[in-house]
Every structure is written in structure tokens, then in C-alpha cells.
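Remarks on the overall topology
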Amino acid sequence: MTVASGYGAAPGRRPNALALLGRNLAAWLAVLFVAPRKPPRTPGFKALVLAHRWQAAVALGLVLAAMVVVDPLAPHVKASPRWVIDLFEDITDFGRSGWILIPAACVIVWIAALVRPGLDRVSRAVLAAVVVRLGFVFVAVGLPGLVATILKRWIGRVRPSDLGPFAYQPLSWRAEWASLPSGHTVTAFAALVAIGAVWPALRPVMWIYALLIALSRVIVSAHFPSDVIAGAAFGAFGAVLVREWFASRRLGFSAAPDGTVRALPGPSLPRVLRALATATER
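Residues numbered from 1 in each chain as written. Predicted model: local features only at pLDDT ≥ 70, side-chain atom pairs only at ≥ 80, totals over all residues. Heavy atoms only, no water.

**Describing the overall build of the chain**
Across its full length, the chain carries ten helices and two strands. Ordered by position from N to C terminus, the α and β elements of the chain give α-α-α-α-α-α-α-α-α-β-β-α. Among the 282 residues that make up the chain, the fraction classed as buried is 45%. A separation threshold of at least 6 residues defines the contact pool for the chain, and within that pool the share at least 24 residues apart is 74%. (Helix = DSSP H or I, 4+ residues; strand = E, 2+ residues; numbered from the N terminus. Buried < 20%, exposed > 50% of the residue type's maximum accessible area, 1.4 Å probe, protein only. Contact = heavy atoms within 4.5 Å.)

**With respect to the pattern of salt bridges**
The final tally for this structure, using the stated rule, is six salt bridges. The salt bridge involving Arg96 is made with Asp93; its shortest N-O contact spans 2.9 Å. For Glu176, the salt bridge is made with Arg174, and the minimal N-O distance between the two is 2.7 Å. Its relative accessible area of 40% is what places Arg174 among the partly exposed residues. Three or more residues are tied together by salt bridges with common partners; here these are Asp71, Arg157 and Asp227. (Salt bridge = Lys/Arg side-chain N within 4 Å of Asp/Glu carboxyl O.)

**Focus on the packing of helix H3 (residues 53–70) against helix H9 (residues 225–248)**
At a minimum axis distance of 8 Å, the contact between H3 and H9 shows a crossing angle of 170°. Classified by the angle between their axes, H3 and H9 sit roughly antiparallel to one another. Judged by residue contacts, Ala59, Leu62, Val63, Ala66, Met67 and Val70 of H3 engage Pro225, Ser226, Ile229, Ala230 and Ala233 from H9. Class assignment for the residues of the contact of H3 with H9 results in ten nonpolar, one polar and no charged. (Axes fitted to C-alpha atoms, helices over the stretch in contact; angles between N-to-C directions. Parallel < 35°, antiparallel > 145°, perpendicular 65-115°, else oblique. Nonpolar A, V, L, I, M, F, W, Y, C, P; charged D, E, K, R; others polar.)

**A short note on the packing of helix H7 (residues 183–198) against H9**
For the pair H7 and H9, interaxial distance at closest approach is 7 Å and the crossing angle is 40°. By the criterion of interaxial angle, the relationship of H7 to H9 is oblique. Every pair of crossing elements has a handedness; the one defined by H7 and H9 is right-handed. In contact with Thr185, Val186, Phe189, Ala190, Val193 and Ala194 of H7, H9 contributes Val228, Gly231, Ala232, Phe234, Gly235, Ala236, Ala239 and Val240. (Left-handed = near helix turned anticlockwise from the far one by under 90°.)

**Some details on helix H6 (residues 121–155)**
If you check H6, its first and last C-alpha atoms are 50 Å apart, about what 35 residues at 1.5 Å a residue would give, namely 51 Å. By the N-cap criterion, in which a side-chain oxygen at the helix start approaches the backbone nitrogen of a residue two or three places on, H6 is capped by Asp120, the distance to Val122 being 3.3 Å. Where H6 terminates, the next one or two residues include Gly156, which has phi positive at roughly 70°. (Expected span 1.5 Å × (residues − 1). Polar contact = N/O pair within 3.5 Å; in protein donor to acceptor, adjacent residues only side chain to side chain.)

**Brief notes about the environment of Ser268**
Of note, Ser268 is situated in the loop between strand E2 (261–263) and helix H10 (269–281). Judged by its relative accessible area of 35%, Ser268 falls in the partly exposed class. C-alpha of Ser268 to C-alpha of Val126: the two residues are 142 residues apart in sequence and 9.1 Å apart in space.

**Considerations on the packing of aromatic side chains**
Taken as a whole, this structure holds four aromatic pairs when the rule is applied. Plain terms: the ring middles of Phe189 and Trp207 are 6.2 Å apart, the flat faces sit at 85° to each other, and that makes the pair edge-to-face. With Phe189 in helix H7 and Trp207 in helix H8 (residues 203–219), this pair connects stretches of sequence that are 18 residues apart. Taken together, the ring pairs connect Phe136, Phe246 and Phe253 into an aromatic cluster. (Phe/Tyr/Trp six-rings, centres within 6.5 Å; stacked < 30°, edge-to-face > 60°.)

**Some remarks on the environment of Ala188**
Note that Ala188 resides in helix H7. Taking C-alpha positions, Ala188 is 8.9 Å from Trp207, a pair spaced 19 residues apart along the chain. Excluding residues that lie within four positions of it along the chain, Ala188 makes contacts with Tyr209, Ala210 and Ile213.

**Topic: the nonpolar core**
Phe136, Val141 and Phe253 are the most contacted members of the largest nonpolar core, which totals 42 residues. Secondary-structure elements contributing two or more residues to this core are helix H4 (82–92), helix H5 (98–114), H6, H7, H8, H9 and strand E1 (253–255). Among the elements that make up this core, the one with the highest residue count is H7 (nine residues). With near-sequence residues (within four places) excluded, Phe253 lies in contact with Phe136, Ala197, Val198, Arg243, Phe246, Ala247, Val261, Arg262, Ala263 and Leu264. If you look at the next biggest cluster of nonpolar residues, it comprises 17 residues, including Trp28, Leu127, Val130 and Leu276. (Core = buried A, V, L, I, M, F, W, Y, C linked by side-chain atoms within 4.5 Å.)

**Thoughts on H8**
Spanning 17 residues, H8 covers 24 Å between terminal C-alpha atoms, matching the ideal 24 Å at 1.5 Å per step. Listed in full, the buried residues belonging to H8 are Met206, Tyr209, Ala210, Ile213, Ala214, Ser216, Arg217, Val218 and Ile219. Tucked into the core, H8 has its buried residues touching H4, H5, H7 and H9. Within two residues after H8, Ser221 carries a phi angle of roughly 60°, on the positive side.

So yeah, pure geometry; function would need other evidence.
Structure, rendered in C-alpha cells:
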């Protein structure tokens, strides 16, 4: 991935900051849609689905079992102590995608505003690596969340209420009929996979985060247990699909001949800070 570095600006003439910002963002976005490297080492969508068919079957089985065995017990959660519910009311808010998407987008835009013609090649490469990784996290969290938001309204399952766990109004497009899958859980488990893929040291923290968010959706009576199981599987698999897309273009990830995907080495924090300092001084 390269960073814009002039775009034909006249010698000695400083390009318009807003125009350069837009061009940098457009150039970075365009990289996502280039043709995969030939021959592509990562499996296609159909092959990836087949490779994970057993995991999908297990997830579906857990969802169906939870619907029959556990979901009818969901109303009893309301009998939990008030302080427990209040605590998880605060926790569940952190499952909103904005907590991840907004900071990632702000940093990407900030870097796009900093990168100007004349910035040395090393600093451009370091900042490009940062943008690739933040862009991956943004897409891997945002895209599954967007698809889940549409899907849950097509399914139209009622949220926990007196109607029970088997009431549906497909295509209702109303919040109270948008329970399956849990959007907060989709976000949390997509973030677990995405952030864990880029920064493996954070995986233990992300596991705690994802499980707390999933539990919170049941505790606050926003979702049935089967909703969060479905959300966890959907979010994790969605992030894996995005990772395959990036790997096939060698953006932050590489694929071995056997199709195994690994994260490419990224710049260290001191190098990132030096590159930002250099770009800021210009």
C-alpha cells in the first residue's frame, strides 16, 4: 500500500490540504478493490465456507439448542439484583461499534491529513502500514455489523418479552423485532478476531471484552442467549472473511501456499511515533 505524495502538484506550490486529504483517502480506499495477487493463495468465499462447515454446523446446533432449552428461561434474568443489571447496563454500551469505528476512522483521517508531498519514504511506509491495520479493523468490525443490522430486521425475531422466544415478524424493520442476531455481540466478536489478528498480545483482553458484552445482552434482557451465540459466530466469521480479502491483496496479511494466513510484521510503536512526529513537523 502506498501513500499519496504529490498528485502532480506544480513545483514549489503547496497542494490544497482538503484536496490532498481526499486524494489520500481515495487512494487508500482504491487499494482494497485491486485484483487479488495471482495466483491467489487464499481460498475463495465458497471454499472458505466449506472449510468452516463443521464450525458453522456446531454454531447452528448451539443456536437451535439454546432456542429450545435456554431461551424460555430468559425472563428469569429480570429477577437478578438491581445492581447487577445496572452494572451490565453500563458494560453493554461498550458493545456499540462506534467505540471502535470512530477512533479508527479518526486516526486514518488524521494520518491522511498529515501525509504531504516531500515526506520521506520511510515515514510514508510506516504510516501506510498503520492505515492498513486500522483500515482492516474498521472493515472487519463495521461490515459484519452492517450486514447483521440488515439481516436481523429481515428475520424479525422479537426481543425478550411476554411473547416468548418463538415470535417473529419478518421484514418488520422495528427495533423490538430485531433480536437475532445480537448486533452488539457481532461487533464484540468481530473486534476479538480483527484486533487479535493484528495485535495478538491483546487477545486475552479482547476475549474478556467479547464475553462480557455477550453476557450483558442477556442480563439486560435485550437478547435471548441464542441471539448472542448467533452474533458471536456471525461476527467472528465475518472478520475472518475480511481478513482473507486483505490477505489475498497482501494488505497487512500474507497467505502461505497452504492457504494459512499470517499477519505481516508491523512497525513498532517508536517507529510509528517518529513517523508521526516527522509528518507533523512539515
